[in-house]
Amino acid sequence: MEFFKKTLDPIVALAAIAVLDLFLFLIVGSWTVGGGETMMTGLLAKIFLGEEIARIPFWNLVFVPDAGYWKIYISLGMFFGAFMGAVISKEFYLRFPRRLSEWVLITIGGLLMGVGIRLAFVCNVSTFFGLTPELNLGGYLAISGILAGAWVGSMIYKKMLEG
Amino acid sequence: MSVVGECLVAFVFGSVVGLLVQRSRFCNTAALRDAMLFKSYRNTKALLVAMMILSIGFPLFMTFGEGHPLRFDVGLNTVLGLFLFGVGMVLAGACTVSTWVKAGEGNVGAVWALIFTFIGMFLFSLVWSWNYWPPAPASMTGQPNLEALQLGFANAQTLQETFKIPAVVFGLVQAAVLYAIYRAIRRKEEAQQIKHDRIAASHRQPVAAE
């Protein structure tokens, strides 16, 4: 099939995603990723810590671990959809970061993303595909934050590329 | 809708999104980073188009009280959190969407980023349990709370209630602003293309003379 041979125009892909997001908004809520990831963190923490998790109030007051939280399944779906797309178009293969510096950057970046999402209550997806289109004041706050952050990140990245 | 139904809808939505993002190589990080570093706007334009559609669609539904908008107070934590996120996503080379999509393509680095996103969230849960900031959704008031550095809650619906103007009007204004940005990017790209063609032409000439 042609779809699995050529790269899809991202404008077409994102327009389609936006239309689907409108339906999702009517049924359960707009597209988001951070909330599902937090719930997965809570479920994993519960597996590792058992009853000890009760000693961390965050998991009682903000996110109570619950496997029936719909946002989890968006993330799992994205993983599944991408896996199918990659396998059918013969693009699936294991890729490892080559240099140690890449591993370090990914580690720091991952940690910052995790802390940032929880501190803000939103991730980049909710910012661009939820809050801002809902004209939520938080959307503008979040966009100014993410633009400043991406700029600082880009400057660090540039330094690393040159150095 | 039942819990299972909700999860099923979310999974189907996620699968289609994963497939579309994988096939189009869209990346939210690249949409911001490439525009800033390399003056390349392939992903930025796609992001703007999606936001234009949603900026009209969501407020249109909200005008009639339909849909499920996000409800929580925002404040300094929103700016700070997304700032940290912005730095993190450029360093990791992937945002929340592309970590899942790249993990699905077999990218071990993306799986590593996901693991550390989870660890970061867990670390935050420890810090939160110590200082209780930002306020938990249960204790949010929707009103500005300067002591907790919170600005309260406002969206298309509250705008409609306050100004008695249909929410969709505000949405159309936002979509128009996004379109203006889109147009400006297109013009910039056209200018880049002309410059590129001119340089390419000047490089061709010596070859022709040989």
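Residues numbered from 1 in each chain as written. Chains lettered and ligands numbered in written order. Predicted model: local features only at pLDDT ≥ 70, side-chain atom pairs only at ≥ 80, totals over all residues. Heavy atoms only, no water.

## So, the overall build of chain B
When you go through chain B residue by residue, the secondary structure sums to eight helices and two strands. Going from N to C terminus, chain B has its helices and strands arranged as α-α-α-β-α-α-α-β-α-α. Relative to the 2.2 N^0.38 estimate, which gives 17 Å for 210 residues, the radius of gyration of chain B is 22 Å and therefore markedly larger than a compact globule would have. For the C-alpha atoms alone, the extent of chain B along its principal axes is close to 80 × 45 × 40 Å. In chain B, buried positions account for 50% of the 210 residues. For chain B, the share of sequence-separated contacts (at least 6 apart) that also reach a separation of at least 24 residues comes to 61%. Summing over all exposed atoms, chain B offers an accessible surface of approximately 10000 Å²; the carbon and sulfur share of this is 68%. Taking the average location of the 16 positive side-chain charges in chain B and that of its 11 negative ones, the two points are 10 Å from each other. (Helix = DSSP H or I, 4+ residues; strand = E, 2+ residues; numbered from the N terminus. Rg over C-alpha atoms; globule rule 2.2 N^0.38 Å. Buried < 20%, exposed > 50% of the residue type's maximum accessible area, 1.4 Å probe, protein only. Contact = heavy atoms within 4.5 Å. Areas by Shrake-Rupley, 256 points an atom, 1.4 Å probe, with all protein chains shown as cover. Lys, Arg positive; Asp, Glu negative; His and termini not counted. Charge placed at Lys NZ, Arg CZ, Asp CG, Glu CD.)

## Details of the overall build of chain A
Summing up its helical and strand segments, chain A has seven helices and zero strands in all. Mapped from its N terminus to its C terminus, chain A presents α and β elements in the order α-α-α-α-α-α-α. With the C-alpha coordinates of chain A rotated into their principal frame, the extents come out at 50 × 45 × 35 Å. Residues classed as buried in chain A amount to 55% of the 163 residues present. If you take every contact in chain A between residues at least 6 apart in sequence, the share linking residues at least 24 apart comes to 57%. Just so you have it, chain A exposes about 7400 Å², and 69% of that area is on carbon and sulfur atoms. Here chain A holds 12 positive side-chain charges and 11 negative ones, and the gap between their average locations is 7 Å.

## Considerations on the environment of B:Ala136
Within the secondary structure layout, B:Ala136 lies in the loop between helix H6 (108-131) and strand S2 (150-152). For B:Ala136, a relative accessible area of 9% corresponds to the buried category. Considering only alpha carbons, one finds B:Ala136 and B:Asp73, 63 residues apart in sequence, at a separation of 9.4 Å. Each residue touching B:Ala136, except ones within four places of it in the same chain, is listed here: A:Leu61, A:Val62 and B:Trp128.

## Re a positive patch on the surface
Where like charges cluster on the molecular surface, the positive patch consists of A:Lys158, A:Lys159, B:Lys39 and B:Lys188. By secondary structure assignment, the location of A:Lys159 is in helix H7 (residues 137-162). (Patch = residues over 30% accessible without salt bridge, like charges linked within 9 Å, V, L, I, M, F, W, Y side chains within 5 Å. Salt bridge = Lys/Arg side-chain N within 4 Å of Asp/Glu carboxyl O.)

## A word on the interface of chain B and chain A
One frequent convention defines the size of an interface as the accessible area lost when the parts assemble. Counting from both sides, the interface comprises 115 residues of chain B and, opposite them, 117 residues of chain A. Of the roughly 10500 Å² buried between chain B and chain A on both sides combined, carbon and sulfur atoms contribute 79%. Remark: the boundary between chain B and chain A carries two salt bridges. The partner of A:Glu91 in a salt bridge is B:Arg23, and the shortest N-O contact between them spans 3.1 Å. Summed over the shared surface of chain B and chain A, the result is 29 residue pairs in polar contact (both at pLDDT 80 or more). In terms of residue class, the side of chain B that touches chain A is built from 77 nonpolar, 30 polar and eight charged. (Buried area = accessible area lost by both parts, 1.4 Å probe. Polar contact = N/O pair within 3.5 Å; in protein donor to acceptor, adjacent residues only side chain to side chain. Nonpolar A, V, L, I, M, F, W, Y, C, P; charged D, E, K, R; others polar.)

## A short note on the packing of aromatic side chains
Residue and element names in this part refer to chain A. In this structure the tally under the stated criterion is 18 aromatic pairs over all chains. Aromatic pair Phe83 and Phe92: ring centres 5.3 Å apart, planes at 85°, arrangement edge-to-face. Just above the ring of Tyr93 sits the side chain of Arg95; from NZ or CZ to the centre is 4.1 Å. The ring of Phe121 is capped by Arg118, whose NZ or CZ atom sits 5.4 Å from the centre of that ring. (Phe/Tyr/Trp six-rings, centres within 6.5 Å; stacked < 30°, edge-to-face > 60°. Lys NZ or Arg CZ within 6 Å of the ring centre and 35° of its normal.)

## As for a nonpolar patch on the surface
All names here are of chain A. Residues Phe80, Phe83, Met84, Val87, Ile88, Phe92, Leu94 and Phe96 make up a contiguous nonpolar surface patch of about 720 Å² in total accessible area. In this structure, Phe92 sits in the loop between helix H4 (70-88) and helix H5 (100-120). Residue class for Phe92 comes out partly exposed when judged on its relative accessible area of 34%.

## Some details on the packing of helix H2 (residues 34-49) of chain A against H6(B)
With their axes 9 Å apart at the nearest point, H2(A) and H6(B) run at an angle of 80° to one another. On the basis of their axis angle, the class for H2(A) and H6(B) is roughly perpendicular. Between H2(A) and H6(B), the contacting residues are A:Gly34, A:Glu37, A:Thr38, A:Met40, A:Thr41, A:Leu44, A:Ala45 and A:Leu49 on the first element and B:Leu114, B:Thr117, B:Phe118, B:Met121 and B:Phe122 on the second. Here the residues of the contact of H2(A) with H6(B) are counted per class, giving eight nonpolar, four polar and one charged. (Axes fitted to C-alpha atoms, helices over the stretch in contact; angles between N-to-C directions. Parallel < 35°, antiparallel > 145°, perpendicular 65-115°, else oblique.)

## Observations regarding H5(A)
Here H5(A) is 21 residues long and its end C-alpha atoms lie 30 Å apart, about the 30 Å a rise of 1.5 Å per residue gives. When H5(A) is considered as a whole, its buried residues turn out to be A:Leu105, A:Ile106, A:Thr107, A:Gly109, A:Gly110, A:Met113, A:Gly114, A:Gly116, A:Ile117, A:Arg118, A:Leu119 and A:Ala120. Against H2, helix H3 (58-61) and H7 of chain A together with helix H4 (76-92), helix H5 (96-104) and H6 of chain B lie the buried residues of H5(A). A:Phe121 lies just past H5(A) and shows a positive phi near 75°. (Expected span 1.5 Å × (residues − 1).)

## Here we look at H4(A)
Every α-helix carries 3.6 residues per turn, so stepping three or four residues along brings you back to the same face. The end-to-end C-alpha separation of H4(A) is 27 Å, in line with the 27 Å expected for 19 residues at 1.5 Å each. Among all positions in H4(A), only A:Trp70, A:Lys71, A:Ile72, A:Ile74, A:Ser75, A:Gly77, A:Met78, A:Gly81, A:Ala82, A:Gly85 and A:Ala86 are buried. Tucked inside the fold, the buried residues of H4(A) contact helix H1 (10-27) and H2 of chain A together with helix H1 (3-24) and H5 of chain B. A positive backbone phi angle near 55° is found at A:Lys90, which sits one or two residues after H4(A).

Honestly, that's just the spatial picture; any functional story needs more than this.
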